[in-house]
Amino acid sequence: MSASKPILALNAFDASEAEELEGRTAEMVARRRETAGASSVLFYQEPIEMVRARGVFMFDADGNRYLDVYNNVPSVGHCHPHVVEAIVRQSERLSIHTRYLNETVQAYAERLLATLPPSISQLVMTCTGSESNDLALRLAEATTGARGVIVTETAYHGNTALTTEVSPSSLKGGSIPSHIRTLPLPAERAGDGPGDLAERFAASVRAAIVSLKADGHGLAGMIVDSIFSSDGVFADPPGFLKPAVEAVQAAGGVFIADEVQPGFGRTGTALWGFARHGVTPDIVTFGKPMGNGYPMGGVATRPGLLDRFCDSVGYFNTFGGNTVAAAAGQAVLDVIEREGLLANAEAVGAHLRGGLRELAGRHPEIGAVRGAGLFVGLDVVGRDSGAPDPEGAIRAINGLRRRHVLVGAAGPFGHTLKIRPPLCFERQHVDLFVETLDAVLTGDVRA
Ligand SMILES: Cc1ncc(COP(=O)(O)O)c(C=O)c1O
């Protein structure tokens, strides 16, 4: 079993195997290496040149069709016509920075805020999830006067200097800064009774608070992705986060709900992942699915936090919340409502988990199947040992890719299949996925 792997290494193309590639793929990989250098991260043993996409399907340069069971940026479906049209229409009319009054931008801010708890009444728009979390962390520090932050042990919250500090899954050397405390994964254990997981998680948070205070860092807050994506997808039982959040807020810290992954309906029952846990954040951050491919993010918060921060630092974002972003964001919310995507995520997600659990009955290399809505984590484990099997997961991911089905990896060992299709996924797509995984587990994983 491998040690904990950095998130970008999971399912990444290994450049040392480049000579096994042929034709156009070999040429494109070489050109990419030339321009991107060491920063180039590609998926799969044989990277794919994608040229177009629609709905739940993507198409490569040879015209092959792939079932997308991975991508959450095109959350309401790839190239959704309503979103595309909104972007085109607004681009034709006005596309500019954010220092003018504009009805489209204002209306979007008001509509988005109306979906959040009443205490969260102000919104700063940004361009990415990283920018959003960066600002959220700065707000937490300005509000509390403290630097200590609590995160999960395999968390990923972004690529800026500040968000990398709270992203243990990015740190290759394992050197977590001294003002960060990490929490063990919120995994259920055999024999757990009701409330045991919640209490265990809250106890780890309370211990982290004591330790941060004892070391003089104080408590700025806790940032959590409530579906725990990079940790390996931990959704249940609903509400388990509540005592932990209450412990943070009672100790004077700020709770940041990172909705970059669970947000915009992914978990099925509500638009926001934190709602599943019955908690009220102090700050909510948005990203990826917000514009269905148009880069946009945001930070929503209680009014006092922005006042305090802006007393000492100016904040201006040239593109954050520009007119085209706002039009894209409006269109995304339209589609979620009109196409009933929350209910779809709930119903099709239940069908997906049911199909995978049924498959687990026939394949001992499937361990736990966890998730909510259309976000599922499936552990690949040793047939006899039941131990995490990251090599088996990589064989499964690449076997699926060869059969034109796209999934990813997550978790501290990279042995969890990250199954996260667009929210317009249908039962027939689930059935195709489950059938293909069945063939891959028999043919590629066991081989
Ligand atoms: C939970 C979470 N937060 C923040 C981010 C950063 O978002 P972005 O890549 O848009 O900066 C990511 C990206 O994967 C994420 O998964």
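Remember, it's a predicted structure, so these values are computed and weren't measured experimentally.

**Topic: helix 9 (residues 323–338)**
Here's step 1: The end-to-end C-alpha distance of helix 9 is 22 Å, a good match for the 22 Å that 16 residues give at a rise of 1.5 Å each.
Here's step 2: N-capping of helix 9 is provided by Asn322, with a side-chain oxygen placed 2.8 Å from the backbone N of Val324.
Here's step 3: Looking at the residues trailing helix 9, positive phi occurs at Gly340, about 60°.

**Considering the nonpolar core**
Here's step 1: Judged by nonpolar contacts, the single largest core of 98 residues is most densely connected at Met222, Phe286, Leu356, Ile419 and Phe433.
Here's step 2: Considering every element that reaches this core, the biggest residue donor is helix 9, with 9 residues.
Here's step 3: Both domains that meet at this core, namely domain 1 (7–76 + 341–445) and domain 2 (81–338), each give it at least three residues.
Here's step 4: Once residues within four sequence positions are removed from consideration, Ile419 is found in contact with Val69, Leu352, Leu356, Leu374, Phe375, Val376, Leu378, Val407 and Phe433.
Here's step 5: Counting residues in hydrophobic clusters, the runner-up holds 20 residues, among them Val124, Ala136, Val166 and Val299.

**What about the environment of Ala190?**
Here's step 1: Mapped onto the elements, Ala190 comes out in the loop between strand 6 (180–183) and helix 6 (196–214).
Here's step 2: Each C-alpha atom of the pair Ala190 and Arg401 lies 34 Å from the other, and the pair is 211 residues apart in sequence.

**Quick word on the environment of Gly320**
Here's step 1: Its place among the elements puts Gly320 in the loop between helix 8 (303–312) and helix 9.
Here's step 2: Classification of Gly320 as buried rests on a relative accessible area of 8%.
Here's step 3: Along the sequence, Gly320 and Gly298 sit 22 residues apart, while their C-alpha atoms lie 7.8 Å from each other.
Here's step 4: Excluding anything up to four places from it in sequence, Gly320 contacts Thr98, Met125, Thr126 and Cys127.

**With respect to a nonpolar patch on the surface**
Here's step 1: The grouping of Leu94, Ile96 and Tyr100 at the surface amounts to a nonpolar patch, some 290 Å² of accessible area in total.
Here's step 2: Tracing the sequence through the fold places Tyr100 in the loop between helix 2 (81–93) and helix 3 (103–113).
Here's step 3: Since its relative accessible area comes to 58%, Tyr100 is described here as exposed.

**Points about the packing of aromatic side chains**
Here's step 1: One pass over the full model with this rule turns up 8 aromatic pairs.
Here's step 2: Centroid distance Phe43 to Tyr70: 5.3 Å. Interplanar angle 90°. Geometry classified as edge-to-face. With Phe43 in the loop between helix 1 (23–36) and strand 1 (50–54) and Tyr70 in the loop between strand 3 (65–68) and helix 2, this pair connects stretches of sequence that are 27 residues apart.
Here's step 3: We classify Phe43 as partly exposed; its relative accessible area is 35%.
Here's step 4: Here the aromatic rings of Phe201 and Phe228 are separated by 6.0 Å at their centres, their planes lie at 90°, and the arrangement is edge-to-face. Here Phe201 is found in helix 6, whereas its partner Phe228 is found in the loop between strand 7 (221–224) and helix 7 (242–250), with 27 residues between them in sequence. Like Phe201, the residue Phe228 is buried in the burial classification.
Here's step 5: Chaining the aromatic ring pairs together yields one cluster made of Phe43, Tyr44 and Tyr70.
Here's step 6: The ring of Phe316 is capped by Arg99, whose NZ or CZ atom sits 3.7 Å from the centre of that ring.
Here's step 7: For Arg420, the ring lying beneath its charged end belongs to Tyr70, and the centroid distance is 4.5 Å.

Cut-offs and rules
In every chain, residue numbers begin from 1 and rise along the written sequence. Side-chain atom pairs in this predicted model are given and counted only at pLDDT of 80 or more, local residue features only at pLDDT of at least 70, and totals for whole chains, interfaces and linings cover all residues. Hydrogens and water molecules were not included; the side-chain quantities draw on all heavy atoms of the structure. What counts as a helix is a DSSP run of H or I of at least four residues, what counts as a strand is a run of E of at least two, and both are numbered from the N terminus. To estimate the expected span of a helix, count its residues, drop one, and scale the result by 1.5 Å. Polar contact is the term for a pair of N or O atoms within 3.5 Å; when the atoms are in protein, one must be able to donate a hydrogen and the other to accept it, and sequence-neighboring residues count only if both atoms are side-chain atoms. Buried Ala, Val, Leu, Ile, Met, Phe, Trp, Tyr and Cys residues that are joined via side-chain atoms within 4.5 Å together make up what is termed a nonpolar core. In this scheme, a residue with accessible area under 20% of its type's maximum is buried, one over 50% is exposed, and one in between is partly exposed, where area comes from a 1.4 Å probe on protein chains only. These domain limits were set by an automatic method or by a database of domain assignments. Contacts were defined at the residue level, with two residues in contact if any of their heavy atoms lie within 4.5 Å. Patches draw on residues past 30% relative accessible area with no salt bridge. Two like charges within 9 Å are joined, as are two nonpolar side chains (Val, Leu, Ile, Met, Phe, Trp, Tyr) within 5 Å. Per-residue and other accessible areas follow the Shrake-Rupley method at a 1.4 Å probe size, with only the shown protein chains counted as cover for residues. Here a salt bridge means any side-chain nitrogen of Lys or Arg lying within 4 Å of a carboxyl oxygen belonging to Asp or Glu. Classification of ring pairs rests on two measures: the distance between centres of Phe, Tyr or Trp rings, Trp counted by its six-membered ring, which must be within 6.5 Å, and the angle between planes, read as stacked under 30 degrees, edge-to-face over 60 and tilted in between. Criterion for a charge above a ring: Arg CZ or Lys NZ at most 6 Å from the ring centre, at most 35 degrees from the ring normal.

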